[in-house]
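Fold and contact review
One-letter residues, chain by chain:
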Amino acid sequence: MRWAEIEIAAVGDDQELYSTLLTEVAGCQGFSADSNTVKGYLPVDERLEGSLLALRTAAGRDVTIRFVQEEDWANAWKQYFKPQRIGERIVVKPSWEAFSPKPDDLVVEMDPGMAFGTGLHATTRLCLRALEQHVKGGETIADVGTGSGILAIAAILLGAKSAICTDIDPLAVRIAWENIERNKMIGTVEAVEATLPPPGQFDIVVANILPDVILGMADELIAATKPGGLLIVSGIIESRTEDVNAGLMGHGLKILAVETEGEWVGILARQSS
């Protein structure tokens, strides 16, 4: 498959802004950053022209585009993806990097390919920290919009009993399965292609997606959460926090915590018992 690499010159705080536009406006399925630019990636298909037009309008400036093959993109961003510690015990380690863990480390081995979820993005880190705080052992997990499968895999390492991942992108589902196998969790974690949460009810539901998608499927997310269970949502830019809080509270959830990192927000809510 051919991909369009979209580059925007940006430094400092502007990188957060343009990363947000790449993911939320253009719908990029992966991005990377260095000291001077941010880059996002879109499949070359009938949606590309409209996505680029929306991005240019939102950014108010030109962007640079070049076309790459999937394997070229996969190799290009690897220089930015190194082992990283998130929270107290979770370490996200690329499959191609050596790492010597401490005795209590929980190592998630990832090769995200073209799927979202390396741990490099603030929204992934917010979800991982929330899971680390609230997975006590034996929980069932639903990971909606799983991307690489990173959140479900981390939840199992933290002590959850089982997890089901869903994603609308068949490529993400394939990559999630590869990471499930890489972390020796076949039979404990399952990945399925779906637009909604999996059937049944779960102790913890996590959805690192976009605010409008969270609000649009709020009924389904809440239905998937057991009475007294937890809903963790992120993918939310700070300016949309009140919209999401109001939407969740309007469905009867109690907001327990709102955590921020940079311009990004993670929300923890509890289903009524």
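Residues numbered from 1 in each chain as written. Predicted model: local features only at pLDDT ≥ 70, side-chain atom pairs only at ≥ 80, totals over all residues. Heavy atoms only, no water.

**A few points about the overall build of the protein chain**
Check the secondary structure of the protein chain and you find 9 helices and 14 strands. Against the compact-globule benchmark of 19 Å for 273 residues, the protein chain has a radius of gyration of 18 Å, which places it among compact chains. Restricting to contacts in the protein chain with at least 6 residues of sequence separation, those with at least 24 account for 63%. A total of about 12,000 Å² of accessible surface is found on the protein chain, and carbon and sulfur atoms cover 50% of it. Positive and negative side-chain charges of the protein chain, numbering 23 and 39 respectively, have mean locations separated by a distance of 6 Å. (Helix = DSSP H or I, 4+ residues; strand = E, 2+ residues; numbered from the N terminus. Rg over C-alpha atoms; globule rule 2.2 N^0.38 Å. Contact = heavy atoms within 4.5 Å. Areas by Shrake-Rupley, 256 points an atom, 1.4 Å probe, with all protein chains shown as cover. Lys, Arg positive; Asp, Glu negative; His and termini not counted. Charge placed at Lys NZ, Arg CZ, Asp CG, Glu CD.)

**Description of the pairing of strand β3 (residues 37-43)**
Among the 7 residues that make up β3, 7 are buried, leaving the element largely enclosed by the rest of the structure. When strand β1 (residues 2-9) meets β3, the two strands line up antiparallel, connected through 7 bridges. Residue pairing for β3: isoleucine 8 is matched across the bridge by valine 38. (Buried < 20%, exposed > 50% of the residue type's maximum accessible area, 1.4 Å probe, protein only. Pairing = 2+ DSSP bridges.)

**Regarding the packing of helix α1 (residues 14-25) against helix α2 (residues 48-59)**
The N-to-C vectors of α1 and α2 enclose an angle of 145°; their axes lie 10 Å apart at closest approach. Of the two elements, α1 crosses α2, and the hand of that crossing is right-handed. Residue-level inspection shows Tyr18, Leu21, Leu22 and Val25 of α1 in contact with α2, the latter providing Ala54, Leu55, Ala58 and Ala59. (Axes fitted to C-alpha atoms, helices over the stretch in contact; angles between N-to-C directions. Left-handed = near helix turned anticlockwise from the far one by under 90°.)

**Brief notes about the pattern of salt bridges**
Considering all chains together, one arrives at 11 salt bridges under this definition. Measuring nitrogen to oxygen at the nearest pair gives 2.9 Å for the salt bridge that ties aspartate 212 to arginine 240. Remark: arginine 240 occurs in the loop between β12 (225-237) and α9 (241-250) and aspartate 212 occurs in helix α7 (residues 211-216); sequence separation between them is 28 residues. Aspartate 212 gets classed as exposed once you look at its relative accessible area, which sits at 54%. Judged by relative accessible area, arginine 240 falls into the partly exposed class, the value being 21%. Here the salt bridges do not stand alone but share partners, grouping Arg125, Arg129 and Glu261 into one network. (Salt bridge = Lys/Arg side-chain N within 4 Å of Asp/Glu carboxyl O.)

**A word on the side chain of threonine 37**
Assignment of secondary structure puts threonine 37 in strand β3. Its relative accessible area of 11% is what places threonine 37 among the buried residues.

**Some details on the sheet that holds strand β6 (residues 90-94)**
Reading across from one edge, β5-β6-β7 is the order of the 3 strands in this open sheet, with mixed pairing throughout. Of all the strands in the sheet, the pair left with one neighbour each is β5 (84-86) and β7 (106-110). The mean angle between the axes of side-by-side strands here comes to 30°, regardless of whether they run parallel or antiparallel. The pairing of β5 with β6 spans 3 bridges and is antiparallel. Each bridged residue has a counterpart across the sheet, and for isoleucine 86 the counterpart in β6 is isoleucine 90. Helix-sheet contacts for helix α4 (residues 122-134) involve β5 and β6, and the interaxial angle to β5 is about 55°. Each of β6 and β7 touches helix α5 (residues 150-158); the most contacted strand, β7, lies at about 155° to it.

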